[in-house]
Amino acid sequence: MAIYRQLHTTFWKDRRVGEWNKEQKLFFLYLLSNDHTTQCGVYEFNKRYAKFELDVSSKEIDELIDFLVSEGRIVFNEKTEELMIINWLKYNSSRSPKVAAVIDKELREIKTLEFEEEVIRKCKEYGYPI
């Protein structure tokens, strides 16, 4: 868990994000910056916390998750309640040996095998030293 997350300025220039309504933008920003985010971009997503923190209904949470899945921004495993932010590693550099060590540790905690494999693939693609 980090206490600080950066938001890439291109977020606001993304054509598709520009077409989203304010609830969709807020929810995605929440997913990028809540206190459960990890260095690898995969984390257990607690719908109850999100519902409370965003002051929305369970139905709205489910609709927002479905929307971001359909937009190709996240993948959500209902069974393990894990969420993967698709381009996390692209916008959150992991070239630091300290960050790479954290990602290595986090990989062992991922419950969804496909998410773990995707993080490893992306790290190799971006040349991160994991």
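A brief structural summary. These numbers were taken from a predicted model, which means no experiment stands behind them.

Each value, and the rule that gives it
Residues numbered from 1 in each chain as written. Predicted model: local features only at pLDDT ≥ 70, side-chain atom pairs only at ≥ 80, totals over all residues. Heavy atoms only, no water. Helix = DSSP H or I, 4+ residues; strand = E, 2+ residues; numbered from the N terminus. Rg over C-alpha atoms; globule rule 2.2 N^0.38 Å. Buried < 20%, exposed > 50% of the residue type's maximum accessible area, 1.4 Å probe, protein only. Areas by Shrake-Rupley, 256 points an atom, 1.4 Å probe, with all protein chains shown as cover. Salt bridge = Lys/Arg side-chain N within 4 Å of Asp/Glu carboxyl O. Disulfide = S-S within 2.5 Å.

**So, the overall build of the chain**
Scanning the chain from terminus to terminus reveals 7 helices and 3 strands. Taken from N to C terminus, the helices and strands of the chain fall in the order α-α-β-α-α-β-β-α-α-α. Radius of gyration (C-alpha) of the chain: 14 Å, near the 14 Å computed for a compact globule of 130 residues. Taken over the C-alpha atoms alone, the chain extends approximately 40 × 35 × 25 Å along its principal axes. Within the span of the chain, comprising 130 residues, buried residues form 42% of the whole. Roughly 8200 Å² of accessible area belongs to the chain as shown, and the carbon and sulfur atoms make up 52% of that amount.

**A look at the pattern of salt bridges**
For the structure on display, the rule yields 10 salt bridges. Between Arg16 and Glu71 there is a salt bridge; the shortest N-O distance is 3.1 Å. Taken together, the residues Arg16 in helix 1 (residues 15-19) and Glu71 in the loop between helix 4 (58-70) and strand 2 (74-77) connect sequence positions 55 residues apart. Among the residues examined, Arg16 registers a relative accessible area of 31% and is labelled partly exposed. The class of Glu71 is buried, set by a relative accessible area of 19%. Two residues, Asp62 and Lys47, come together in a salt bridge whose shortest N-O distance is 2.6 Å. Of this pair, Asp62 sits in helix 4 while Lys47 sits in helix 3 (residues 47-54), and the two are 15 residues apart along the sequence. The exposure class of Asp62 is partly exposed, given its relative accessible area of 32%. Through salt bridges that share partners, Lys47, Asp62 and Glu78 make up one connected network.

**Here's the deal with the state of the cysteines**
The tally for this structure, following the rule as stated, stands at 0 disulfides. A disulfide-free cysteine, Cys40 has its sulfur positioned 7.9 Å from the sulfur of Cys123, the nearest such atom. Assessed through its relative accessible area of 0%, Cys123 is described here as buried.

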